[in-house]
Amino acid sequence: MEVIICPSTERANLLTAQLIADTVKAKPKAVLGLATGKTPEGVYSRLGQLHKETGLDFSGVTTFNLDEYIGVPTTHPQSFRACMERELFSKINVKKENTHLPNGMAADLDAECERYEKAIATAGGIDLQLLGIGLNGHLAFNEPLSSLASRTRTKALTPETRRQNAPAFGTLDEVPTRAITMGVGTVLESRWAILLATGSSKAEIILKAVEGPMSAVVTASALQMHRRCTVIVDEPAGEWLQMKEYYRWVFANEPEWAPYRDLVLGR
Ligand code: PGA
């Protein structure tokens, strides 16, 4: 795991977007794993800008989102499909048929989960998986006590997660109770995982996920087993980390980060 502490939320978003952009430039047929939620919105807006201003080309890219609510049609503005269309897909030239989310309206949800896993495998696996983290440490909708070996399946949402997502739906009653989510095991198979967390509300859970013991209680801590995981935080989200000095040294000195130092640390 590597941790990059950025001086502002904006720099964290810029860095994340640039890493995605560089992945797509290096591999025009890249398979991207995408996340919804408030956190990646700034990243998506930057990718839209890079497409518009620099011609960043997504025409060969395939995307798989982490999760989708069960029982919420794609026409509902809070379905993750609608969120993705609004935040990203409508701003770039990805082909609609290459964008994938689980179908939370499927008649046979177990079959749908199996289909989704197969679709990821058929696409060749995920090159870069973008992740957020819930206040309870969930990765995608892998709520506490999810098996760290889990695959795509249905999952009941915790009251905390439903409360966290309630503002988007208006009332708590309208927030779905279940979702289809990639499993922790599915996420761990991605070739590169980038976890983005911003704001002081994430400081405690970032400490637990990054420096705490690996535990199914904090499913994001399973990223400690990931072959290549980059955690990008702004100062408030990284505030509680104990080894900040080391993380800063690595980013300032390791050659692989040289191309990104000005973007993150430049004035
Ligand atoms: P957020 O959600 O980006 O809206 O904080 C993250 C998550 O719950 O995974």
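Structure: see above.
These notes cover the structure that comes with them. Source: prediction; values computed, not measured. (Residues numbered from 1 in each chain as written. Predicted model: local features only at pLDDT ≥ 70, side-chain atom pairs only at ≥ 80, totals over all residues. Heavy atoms only, no water.)

To continue, consider the sheet that holds strand β4 (residues 67-69). Sheet architecture is open: three strands sit in the order β4-β8-β7, paired in antiparallel fashion. Where the open sheet ends on each side, the last strands, each with one partner, are β4 and β7 (153-156). Averaged over all neighbouring strand pairs, the angle between strand axes comes to 30°, with direction disregarded. The pairing of β7 with strand β8 (residues 178-181) spans four bridges and is antiparallel. Bridging from a neighbouring strand, lysine 155 pairs with alanine 179 of β8. The sheet strands contacting helix α4 (residues 109-122) are β7 and β8, and the helix crosses β8 at an angle near 30°. (Pairing = 2+ DSSP bridges. Helix = DSSP H or I, 4+ residues; strand = E, 2+ residues; numbered from the N terminus. Axes fitted to C-alpha atoms, helices over the stretch in contact; angles between N-to-C directions. Contact = heavy atoms within 4.5 Å.)

All right, on to the site of the ligand then. With respect to spatial proximity, the complete set of residues near the ligand consists of Gly37, Lys38, Thr39, Gly132, Ile133, Gly134, His138, Gln164 and Lys202. Histidine 138 places a polar side-chain atom, nitrogen or oxygen, 2.7 Å from an oxygen atom of the ligand. Within the side chain of lysine 202, an N or O atom sits 2.7 Å from an oxygen atom of the ligand. For the shell around the ligand, a count of residues per class yields one nonpolar, six polar and two charged. (Near = heavy atom within 4 Å. Polar contact = N/O pair within 3.5 Å; in protein donor to acceptor, adjacent residues only side chain to side chain. Nonpolar A, V, L, I, M, F, W, Y, C, P; charged D, E, K, R; others polar.)

Before going further, it helps to spend a moment on the pattern of salt bridges. Once the charged atoms of two side chains with opposite charge are near each other, the side chains can pair. Taken as a whole and judged by the stated rule, the model has 12 salt bridges. With its nearest N and O atoms 2.9 Å apart, the salt bridge here joins arginine 151 to glutamate 189. With arginine 151 in the loop between β6 (128-131) and β7 and glutamate 189 in the loop between α6 (184-188) and β9 (193-197), this residue pair connects regions lying 38 residues apart in the sequence. Glutamate 189 sits in the partly exposed class, given a relative accessible area of 47%. Taken together, the salt bridges that share partners define one network made up of Lys27, Asp127 and Arg191. (Salt bridge = Lys/Arg side-chain N within 4 Å of Asp/Glu carboxyl O. Buried < 20%, exposed > 50% of the residue type's maximum accessible area, 1.4 Å probe, protein only.)

Here we take up the side chain of threonine 23. Assignment of secondary structure puts threonine 23 in helix α1 (residues 9-26). A polar contact of 2.8 Å, which involves the side chain of threonine 23, links it to the backbone oxygen of leucine 19. Threonine 23 has contacts with Ala30, Leu128 and Trp192, leaving out every residue within four places of it along the chain.

Bringing unusual backbone geometry into the picture now. Backbone geometry places alanine 140, a non-glycine residue, at a positive phi of 55°. Of note, alanine 140 is situated in the loop between β6 and β7. A relative accessible area of 9% places alanine 140 in the buried class.

With that settled, the discussion passes to the nonpolar core. One finds Leu32, Leu47 and Phe58 to be the most contacted residues of the largest nonpolar core, which totals 45 residues. Looking at this core, the elements with two or more residues in it are β1 (2-6), α1, β2 (31-34), α2 (41-54), α3 (80-87), β6, α5 (159-169) and β9. In terms of residue count, the dominant contributor to this core is α1 (seven residues). Those residues in contact with leucine 32 that lie beyond four places of it in its chain are Ile20, Val24, Phe58, Val61, Thr62, Thr63, Phe64, Ile126 and Leu128. Of all hydrophobic cores here, the second largest spans 35 residues; its members include Ile133, Val184, Leu195 and Ala220. (Core = buried A, V, L, I, M, F, W, Y, C linked by side-chain atoms within 4.5 Å.)

Coordinates in, geometry out; function isn't part of it.
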